[in-house]
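Descriptive analysis of the structure
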Amino acid sequence: MKKPIRVAVTGAAGQIGYALLFRIASGAMFGADQPVILQLLEVPVEKALKALEGVAMELDDCAFPLLHGIVQTSKPEEAFGDANWSLLVGAKPRGPGMERADLLKDNGKIFIEQGRVIDRVAASDARVAVVGNPANTNAMIAASQAKRLPADRFTAMVRLDQNRATTQLAKKANVLVSNVSDVFIFGNHSPTMFSAFHLAKINGKPVPQVIGHLEWLKSEMQETVGKRGAAIIAARGMSSAASAANALVDHVRDLMTPGMIHSVAVKSHGDYGFDPDVWAGLPVKTTAPGAYEVIKNLPIDDFAREKIAITNKELVDERNTVKDMLK
Ligand code: NAX
């Protein structure tokens, strides 16, 4: 029997948490032979902690053989203590009339603190995946506090966007999603993201060749993927939860599986025209469990360059909004 992995999850009593924890405990994230200990963090508010207690009771009631322990806490030190993976899902939602800059700053405070604590108390192989929005900038903020852990341990999730784009392409071409590959999301997890259709393949052939309809690929498909979150809120009355949890399972599992090629928001080192200090969605290849490299020198045409410049500008603007917090 392998040694259990300690997985910290913030916002564990929220809607993504409710769709996520059962998948982790069942083995979907780390494998069918990998025990886990869930270290669940919520805000120190009676209602949230009571809800967390209910979720923990349900986890108990599943009798998952791989679930070797559950920690419920409102203390970050306890949640992140010796954690091998920290999944930062909890964040403050944007309230009515709230400016984006205020949301950035409010959430910035959370990720400054969590970045600091993770750096101090998490395991030496600690890895972090940020889901709470604005996810890219929150990952950058958390990483800015780390003295011990290298910046590449901090990633943010653009996998939901990759999965959304994959399905849109499969539907348009009338093929199975398993026939679609090399779908890469460049930039921010926001409507400015670029789904790089020119690099994607269907049965190994370039998407523009198989689908044609260049206008659809350049406009409608980009819009559908970029604004999918809002479309789900309009239809369901609540934001995406199960698909977001599923994407996080994919994000972490593929980062733990050497050879996987996928989209991850990571620290830019200037590739593809991104500012070197932002966290941008980029194509990566997992090289060893938890380690990856950015796939370089993929062809970028004028349209892609233009789209990347727009999403890069948004990331730089977000960084500028919180820059005083980073010192
Ligand atoms: P919920 O509001 O249902 O749950 C969030 C939970 O986080 C709440 O229970 C809250 O008490 C907790 N929380 C807040 N601050 C915390 C802190 N400092 N420490 C610990 N827990 C804290 O939101 P949910 O639908 O679960 O979404 C969570 C986050 O994911 C939001 O920021 C949302 O915008 C973001 N999303 C990101 C996506 C992505 O692809 N990157 C997609 C889905 C989702 O919208």
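As for the overall build of the protein
Within the protein one finds 11 helices and 14 strands. A globule of 327 residues ought to have a C-alpha radius of gyration of about 20 Å, and the protein, at 19 Å, matches this closely. If you line up the protein on its principal axes, its C-alpha atoms span 50 × 45 × 40 Å. Out of the 327 residues in the protein, the part that is buried amounts to 52%. For the protein, the share of sequence-separated contacts (at least 6 apart) that also reach a separation of at least 24 residues comes to 72%. Total accessible area computed for the protein in this model is approximately 14400 Å², and 53% of it derives from carbon and sulfur atoms.

Things to note about the pairing of strand E12 (residues 261-267)
Among the seven residues in E12, six count as buried, and that is most of the element. As paired elements, E12 and strand E13 (residues 279-288) share seven bridges and run antiparallel to each other. Bridge assignment links Ser263 to a residue of E13, and that residue is Pro283.

Side note on the packing of aromatic side chains
If you walk through the whole model with that rule in mind, you get six aromatic pairs. Between Tyr18 and Phe22, the aromatic rings sit 5.5 Å apart at their centres with planes inclined by 75 degrees, giving edge-to-face as the arrangement. Pair noted here: Tyr18 and Phe22 are both in helix H1 (residues 15-26), with a separation of four residues, about one helical turn. Residue classification places Tyr18 among the partly exposed positions, given a relative accessible area of 42%. Pairing Phe194 with Phe197 gives two aromatic rings, centres 6.2 Å apart and planes at 85 degrees, and the pair type is edge-to-face.

Considerations on the site of the ligand
Taken together, 22 residues form the shell around the ligand, and within it Gln15, Ile16, Glu42, Val131 and Asn133 come nearest. Between the ligand and Glu42, the relevant distance is 2.6 Å, taken from an oxygen atom to a side-chain nitrogen or oxygen of the residue. Gln114 has a polar side-chain atom sitting 3.4 Å from a nitrogen atom of the ligand. Elements represented by at least two residues in the shell around the ligand include exactly H1 and helix H4 (100-121). Broken down by class, the residue content of the shell around the ligand amounts to 11 nonpolar, 10 polar and one charged. Taken together, domain 1 (5-156) and domain 2 (159-321) each give at least three residues to the shell around the ligand, which thus spans both.

A word on helix H11 (residues 302-322)
The end-to-end C-alpha separation of H11 is 31 Å, in line with the 30 Å expected for 21 residues at 1.5 Å each. Along H11, the residues classified as buried are Phe303, Ala304, Ile308, Thr311, Asn312, Glu314, Leu315, Glu318 and Val322. Considered in projection along H11, the buried side chains sweep an arc of 155 degrees and stay on one side of the axis. Turned more than 90 degrees from where H11 packs its buried face, Asp302, Glu306 and Lys313 sit exposed. Where H11 is buried, its residues contact H4, helix H5 (135-144), strand E8 (185-186), strand E9 (194-195), helix H8 (214-226) and E13.

Considerations on the pairing of strand E14 (residues 291-294)
Residues Tyr292 and Val294 point to one face of E14 and are all buried, whereas Ala291 and Glu293, pointing to the other face, are not buried. The antiparallel hairpin formed by E13 and E14 contains two residues in its connecting segment, where Gly290 sits at a positive phi of about 90 degrees.

Some remarks on the sheet that holds strand E7 (residues 180-181)
In spatial order, the strands read E7-E10-E11; together these three strands make up an open sheet with antiparallel pairing. Whereas interior strands pair on both sides, the edge strands pair on one side only; in this sheet they are E7 and strand E11 (205-206). Bridge count between strand E10 (residues 201-202) and E11: two bridges; the pairing is antiparallel. When the sheet's bridge partners are listed, Ile202 is paired in E11 with Lys205.

Some remarks on the domain arrangement of the protein
Structurally, the protein comprises domain 1 (5-156) and domain 2 (159-321). Put simply, the middle of domain 1 and the middle of domain 2, counted by C-alpha atoms, are 23 Å apart. At the junction of the two partners, domain 1 supplies 30 residues and domain 2 supplies 36 residues. In this assembly, domain 1 packs against domain 2 so that about 2600 Å² is buried in total across both faces, 64% of it on carbon and sulfur atoms.

Thoughts on the pattern of salt bridges
Any two side chains of opposite charge can pair, so long as their charged atoms come close to each other. For the coordinates displayed, the defined rule picks out 15 salt bridges. In this structure, the salt-bridge partner of Lys109 is Asp106, at a minimum N-O distance of 3.7 Å. Of this pair, Lys109 and Asp106 both sit in helix H4, three residues apart, which is roughly one turn of that helix. Given the relative accessible area of 54%, Lys109 is considered exposed.

What counts and how
- Residues numbered from 1 in each chain as written.
- Predicted model: local features only at pLDDT ≥ 70, side-chain atom pairs only at ≥ 80, totals over all residues.
- Heavy atoms only, no water.
- Helix = DSSP H or I, 4+ residues; strand = E, 2+ residues; numbered from the N terminus.
- Rg over C-alpha atoms; globule rule 2.2 N^0.38 Å.
- Buried < 20%, exposed > 50% of the residue type's maximum accessible area, 1.4 Å probe, protein only.
- Contact = heavy atoms within 4.5 Å.
- Areas by Shrake-Rupley, 256 points an atom, 1.4 Å probe, with all protein chains shown as cover.
- Pairing = 2+ DSSP bridges.
- Phe/Tyr/Trp six-rings, centres within 6.5 Å; stacked < 30°, edge-to-face > 60°.
- Near = heavy atom within 4 Å.
- Polar contact = N/O pair within 3.5 Å; in protein donor to acceptor, adjacent residues only side chain to side chain.
- Nonpolar A, V, L, I, M, F, W, Y, C, P; charged D, E, K, R; others polar.
- Domains from an automatic or database assignment.
- Expected span 1.5 Å × (residues − 1).
- Arc of directions from axis to C-beta.
- Buried area = accessible area lost by both parts, 1.4 Å probe.
- Salt bridge = Lys/Arg side-chain N within 4 Å of Asp/Glu carboxyl O.

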